[in-house]
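Letter by letter, the chains look like this.
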Amino acid sequence: MSAQECRRARQLWSDEFDGGVPVPAWVRLHAETCRECSEFRGQMLRLRQELAGTPLPRLSPERDEELLAALQAAPAGPGGARFWNPFGRVRRAIGFSAAPALVGVGLSAFLVTLVAAQLLSSPAGDHPERGVPGSTSAREPARTDDGDALELWLTSPQPTRVPRSMLPRNTVPFPDSKPPLAIPERRRGKGLHGGAAADLT
Amino acid sequence: MTSTTASLTITRETTALHRESAEWVVAARRGDSEAILKLLRLYRPPLVRLLTGIMADAALAEDVAQDAFLQAFRSLQQLRDPVAFYPWVRRLATREALRALRRRLHAVEDLHPATEGADPAHQAETRIAVGFVLGQLPPEQRAVLVLREMEQLDYQEIADTLAVPVGTVRSRLFTARERFRALWRELEEGV
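Residues numbered from 1 in each chain as written. Chains lettered and ligands numbered in written order. Predicted model: local features only at pLDDT ≥ 70, side-chain atom pairs only at ≥ 80, totals over all residues. Heavy atoms only, no water.

### Regarding the overall build of chain A
How we decide: Only DSSP runs of H or I with at least four residues qualify as helices, and only runs of E with at least two residues qualify as strands; both kinds are numbered from the N terminus onward. Note on exposure labels: buried denotes an accessible area under 20% of the residue type's maximum, exposed denotes more than 50%, and partly exposed covers the range between, all computed with a 1.4 Å probe on protein chains only. Contacts are assigned to residue pairs with any non-hydrogen atoms lying within 4.5 Å of each other.
When you go through chain A residue by residue, the secondary structure sums to six helices and three strands. When each of the 201 residues of chain A is scored for burial, the buried share is 24%. Of the contacts formed within chain A by residues at least 6 apart in sequence, a portion of 26% connects residues at least 24 apart.

Here's what the structure looks like:
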């Protein structure tokens, strides 16, 4: 009877104690002849009886109250129960509804600021000299032409000289002589359902 | 109500009780004080008993159980299944108990007050001898034995509780039993 055989037998007993398969016949025979392995089984059964039969301790109920008080006094961690704040849900609901309103107010304020800035930097207010020839109104962008470049009054305080080479060919130089954009004559084409074309002019 | 049910022994047979307590867990999430007290009254005794078996120190076991309950109630929202409240607290408590034992590194004799001033070899009562031998096992081996024999958990449940593989549970249980046998023999022989 080798030590290895004994160890194997005890391992199989151990497995059986834990709800595993019952030990094979040779292990039972082995336990009948091996004092150590027989004792092992007996000791494990006693250990089980003792531990399973350990009575529940009688604990002080005051300790439960202390625990509860500690829970109510100390704040919970993230995601924990908030025993000290019964209105947490109401506050969260208000927070969720207030967030879009705050975003709206912020956006409106930004737009109002933008419009006000545009009005304050208008040509009539800050730059009365921009009433250049050809302009019918102080607010109307005016243009002058010195042959090589167009001087454009745009939204900036100073006129911008743009070389003609950089401008498109069909740029209208003098808006006071004719409309800057001529409305092309249009001919109505065929309708979608094959209707007859009709001349407009 | 039978005496077995009255003793509130937490085993697999008390699953119905777990289900009933699940309602208290749901209420406790809302901060219901009465539900918290009910849960404490139901689960604190078996948890202290388990921790006393692992730590071999009733006072320390009570402290660890209290910390585990505090931690559990504060993070109760993280518990998905309210039925699993006790296994969850047990897991928290067992791990904390093992951490505490590793931190303390006290002498084995100090860990078991029941044997103070007595020579276990001459004690007739098996309970004291079992407690004495159990107290000499390393904490990890003691934990698997107590979880298996006292709580009657299977390998998978012990593995979940201790955060170790199932194979480790099996081998650790066998090692613990072998060690228990050797210590018991030493005790009997008066070594």
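Now that the structure is up, let's keep going.
### Focus on helix 4 (residues 61-73) of chain A
Counted only if it meets this: The span expected for a helix works out to 1.5 Å for each residue beyond the first. Our arc is simply the arc of the directions from the helix axis toward the C-beta atoms.
Counted at 1.5 Å a residue, the expected span for helix 4 of chain A with its 13 residues is 18 Å, and the 19 Å between its end C-alpha atoms agrees. Taken together, the buried positions of helix 4 of chain A are Arg63(A), Asp64(A), Leu67(A), Leu68(A) and Leu71(A). Down the axis of helix 4 of chain A, the sector holding all buried residues measures 140°, keeping them to one side. Within helix 4 of chain A, the exposed residues directed more than 90 degrees away from the buried face are Glu62(A) and Ala73(A). Buried-residue contacts for helix 4 of chain A involve helix 3 (33-55) and helix 4 (58-74) of chain B.

### Remarks on the packing of helix 1 (residues 3-17) of chain A against helix 2 (residues 25-33) of chain A
All names here are of chain A. How we decide: Axis definition: a line fit to C-alpha positions, over the contact stretch in the case of helices; interaxial angles, taken between N-to-C directions, run 0 to 180 degrees. By the definition adopted for this analysis, an angle is roughly parallel if under 35 degrees, roughly antiparallel if over 145, roughly perpendicular if from 65 to 115, and oblique otherwise. For a crossing to be left-handed, the near helix must be turned anticlockwise from the far one by less than a right angle; the clockwise case is right-handed. Ten residues, namely Ala, Val, Leu, Ile, Met, Phe, Trp, Tyr, Cys and Pro, are considered nonpolar, four, namely Asp, Glu, Lys and Arg, are considered charged, and the remaining ones, Gly among them, are considered polar.
For the pair helix 1 and helix 2, interaxial distance at closest approach is 10 Å and the crossing angle is 115°. By the criterion of interaxial angle, the relationship of helix 1 to helix 2 is roughly perpendicular. Remark: the crossing between helix 1 and helix 2 carries left-handed chirality. Residue-level inspection shows Glu 5, Cys 6, Arg 8, Ala 9, Leu 12, Trp 13 and Glu 16 of helix 1 in contact with helix 2, the latter providing Trp 26, Val 27, Arg 28, His 30 and Ala 31. Partitioned by chemical class, the residues of the contact of helix 1 with helix 2 number seven nonpolar, one polar and four charged.

### Remarks on the interface of chain B and chain A
Quick note on the threshold: In this description, buried area is defined as the sum, over both parts, of the accessible area (probe of 1.4 Å) that is lost when the two are combined. Should a side-chain nitrogen of Lys or Arg be within 4 Å of a carboxyl oxygen of Asp or Glu, the pair is scored as a salt bridge. What qualifies as a polar contact is a pair of N or O atoms within 3.5 Å, subject to a donor-acceptor requirement within protein and to the restriction that residues adjacent in sequence count only when both atoms come from side chains.
Facing the 45 residues of chain B at the interface are 42 residues of chain A. Surface buried jointly by chain B and chain A totals about 4,400 Å² across both partners, of which 58% is contributed by carbon and sulfur atoms. Summed over the three residues of chain B that lose the most area to chain A, namely Arg74(B), Glu149(B) and Phe174(B), the buried surface amounts to 17% of that side. Put simply, chain B and chain A have eleven salt bridges between them. Our count for the chain B to chain A interface comes out at 17 residue pairs in polar contact (both at pLDDT 80 or more). Counting residues per element, the side of chain B that touches chain A draws most heavily on helix 3 of chain B, at ten residues.

### Quick word on the pattern of salt bridges
Tallied over the entire structure, the rule returns 21 salt bridges over all chains. A salt bridge links Arg44(B) to Glu62(B); the nearest nitrogen and oxygen atoms lie 3.3 Å apart. Separated by 18 residues along the polypeptide, Arg44(B) in helix 3 and Glu62(B) in helix 4 bring together distant segments of the chain. Neither residue differs from the other here; Arg44(B) and Glu62(B) are each classed as buried. With a closest N to O distance of 2.7 Å, Glu151(B) and Arg90(B) form a salt bridge. Linking Glu151(B) in the loop between helix 7 (139-149) and helix 8 (155-162) with Arg90(B) in helix 5 (residues 85-104), this pair joins segments that are 61 residues apart in sequence. Looking at Glu151(B), the relative accessible area reads 1%, which means it is buried. In this structure Arg90(B) comes out as buried when scored by relative accessible area, which is 6%. A network of salt bridges, in which partner residues are shared, links Arg7(A), Arg10(A), Glu36(A), Glu178(B), Arg181(B) and Arg185(B).

### Observations concerning the nonpolar core
All names here are of chain B. Basically, it comes down to this: Definition used in this section: a nonpolar core is a set of buried Ala, Val, Leu, Ile, Met, Phe, Trp, Tyr and Cys residues joined via side-chain atoms within 4.5 Å.
The biggest cluster of nonpolar side chains holds 82 residues, and the ones touching the most others in it are Leu 47, Phe 69, Phe 73, Phe 85 and Phe 180. Ranked by the residues each element gives to this core, the list is headed by helix 3, at 13 residues. Excluding its chain neighbours within four sequence positions, the residues that come into contact with Leu 47 are Ala 65, Phe 69, Tyr 86, Val 89, Arg 90 and Ala 93.

### Points about the environment of Ala22(B)
All names here are of chain B. In this fold, Ala 22 is placed in helix 2 (residues 15-29). Overall, Ala 22 belongs to the buried group, its relative accessible area being 10%. Those residues within four positions of Ala 22 in sequence are excluded, and the remaining contacts are Pro 82 and Val 83.

### Describing the packing of aromatic side chains
All names here are of chain B. Inclusion rule: By convention, a stacked pair of Phe, Tyr or Trp rings (six-membered ring in the case of Trp) has centres within 6.5 Å and planes under 30 degrees apart, an edge-to-face pair has planes over 60 apart, and any other such pair is tilted.
Evaluation of the coordinates by the stated rule reveals seven aromatic pairs over all chains. Considering the side-chain rings of Phe 69 and Phe 73, the 6.2 Å spacing of their centres and the 25° angle between planes classify their relative orientation as stacked. In this pair, Phe 69 and Phe 73 both sit in helix 4, four residues apart, roughly one turn of the helix. Just as Phe 69 is buried, Phe 73 falls in that class too. For the pair Phe 180 and Trp 184, a centre-to-centre distance of 5.5 Å together with 40° between the ring planes defines the contact as tilted. With Phe 180 and Trp 184 both in helix 9 (residues 166-189), this residue pair falls four residues apart, about one helical turn. Phe 180 sits in the buried class, given a relative accessible area of 0%. With a relative accessible area of 3%, Trp 184 lands in the buried category. Aromatic ring contacts, followed pair by pair, group Tyr 43, Phe 69, Phe 73, Phe 85, Tyr 86 and Trp 88 into a single cluster.

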